[in-house]
Amino acid sequence: MTSSPGALAGRVLCAAALSLSAAAHADDHYPARPITLVVPFAPGGNIDTTARIISAELGRQLGQSVVVENRAGAGGVIGATYVARAKPDGYTLLLGNSGPNAVANAVSKRVPYDGVSSFTPISPITTNPSVLTTSTKVPARDFKGFQQYAQSREKGVTVGIAGYGSYTHLVAALINDKGGLKATIVPYKGTGPAATDLMGQQLDAMVDQITTAAPLVRDGRVKAVAQTGEQRSPLLPDVPTMAEQGHPELTSIIYTGLFGPAGMPADVTAKLAAAMDKVRGNDAVRQRFKEIGADVSTVSNAQFPDYVRADAQRWALAAQQAHVSVDE
């Protein structure tokens, strides 16, 4: 028996509808396998710790394991490049931050991705301030006192940083430029060697992450004259912010956030963002962040793409004004 054209068309439409329904049903099953969360830094640092704090709870919210994978090197560029080139299906994610997503492009034209357009911003996680510490020989208790000390010296002061072209380099350059320090910025290969010279009074000051600086301050091995967050960190509650000391323009925060490759499906991105809302609201997670001196971000998922873009623009301008480039 021959089917009429109308009946045939009906069966085709029905088959198409079933196919679309099956596809939608398949999307509903994301994630169907474990997710890899790439940390572009070595194990043990703040970014790695952040990833490990969120991974178990994110996996619980999604009903799949989230496996942390460290791909360190080149200031976060190696790991970020890996994610930027990954299939945008939601199974390879990046624990990004101001380093690989802003500073890398600010200080080099050779980075093989764009920290903004090469990624899908999913959700903010934390913000972390830096801290300006000084040697115990420096006769200053606050930032104004340090300014006066720097200006009274013929050659100014020396300020150590964890690496040329790093986030701390740009923060130090910003403080030097807008804070009038007349400083010589001294790059080191890592935080440890710089902190050692600061404690040995071979440096006048250092810009450091508050997590690593706080124990040294509490032990009296260095002094802290200012922190750069929007509010005081519980790790150093007696140290005022730059804004409190009359310098809101020196507020500098490094953020962490969850990213995927550019071009991720909107429904997958939305599912991850919704899960991250629950992760950030978890009391145990918030307590762990508090212990490492990080604040849970108050930026919404909807605001996050604009936040990432503004952060990149800010550090690009800072690098340009300070003439910081790793390409030269």
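Residues numbered from 1 in each chain as written. Predicted model: local features only at pLDDT ≥ 70, side-chain atom pairs only at ≥ 80, totals over all residues. Heavy atoms only, no water.

Focus: the packing of aromatic side chains
Thinking step 1. Within the structure shown, the criterion is met by seven aromatic pairs.
Thinking step 2. Taking the centre distance of 5.3 Å and the plane angle of 75 degrees together, the rings of Tyr167 and Trp315 count as edge-to-face. Placement of the pair is Tyr167 in helix H6 (residues 167-179) and Trp315 in helix H11 (residues 304-322), with a sequence separation of 148 residues. Comparing Tyr167 with Trp315 shows no difference in burial state: the two are buried.
Thinking step 3. By the ring-pair criterion, three or more aromatic residues cluster together here, those being Tyr113, Phe119, Tyr255, Phe259, Phe304 and Tyr307.
Thinking step 4. Sitting over the ring of Tyr82, Arg71 keeps its end group 3.6 Å from the ring centre.
Thinking step 5. The lysine or arginine in question, Arg314, covers the ring of Trp315, its NZ or CZ lying 4.8 Å from the ring centre. (Phe/Tyr/Trp six-rings, centres within 6.5 Å; stacked < 30°, edge-to-face > 60°. Helix = DSSP H or I, 4+ residues; strand = E, 2+ residues; numbered from the N terminus. Buried < 20%, exposed > 50% of the residue type's maximum accessible area, 1.4 Å probe, protein only. Lys NZ or Arg CZ within 6 Å of the ring centre and 35° of its normal.)

Structural notes on the nonpolar core
Thinking step 1. Counting 34 residues, the largest nonpolar core has Leu132, Phe143, Phe146 and Trp315 as the members making the most contacts within it.
Thinking step 2. Among the secondary structure elements, those contributing two or more residues to this core are helix H4 (98-107), helix H5 (143-152), strand E5 (157-161), H6, strand E7 (205-209), strand E8 (223-227) and H11.
Thinking step 3. When residues of this core are assigned to their parent elements, the largest contribution, six residues, is made by H6.
Thinking step 4. Formed by 30 residues, the second largest nonpolar core is a distinct cluster that contains Leu37, Val39, Ile54 and Leu95. (Core = buried A, V, L, I, M, F, W, Y, C linked by side-chain atoms within 4.5 Å.)

A few points about the packing of H4 against H11
Thinking step 1. Running from amino to carboxyl end, H4 crosses H11 at an angle of 35 degrees, the nearest separation of the two axes being 8 Å. Of the two elements, H4 crosses H11, and the hand of that crossing is right-handed. Touching Ser98, Asn101, Ala102, Val103, Ala106 and Val107 of H4 are Asp311, Ala312, Trp315, Ala316 and Ala319, all from H11.
Thinking step 2. For the contact of H4 with H11, a count of residues per class yields eight nonpolar, two polar and one charged. (Axes fitted to C-alpha atoms, helices over the stretch in contact; angles between N-to-C directions. Left-handed = near helix turned anticlockwise from the far one by under 90°. Contact = heavy atoms within 4.5 Å. Nonpolar A, V, L, I, M, F, W, Y, C, P; charged D, E, K, R; others polar.)

Details of the pattern of salt bridges
Thinking step 1. Summed over all chains, the structure comprises 11 salt bridges.
Thinking step 2. As a salt-bridge pair, Arg280 and Asp277 come within 2.7 Å of each other at their nearest N and O atoms. Taken together, the positions of Arg280 and Asp277, both in helix H9 (residues 266-281) and three residues apart, correspond to about one turn of that helix.
Thinking step 3. Assessed through its relative accessible area of 39%, Asp277 is described here as partly exposed. (Salt bridge = Lys/Arg side-chain N within 4 Å of Asp/Glu carboxyl O.)

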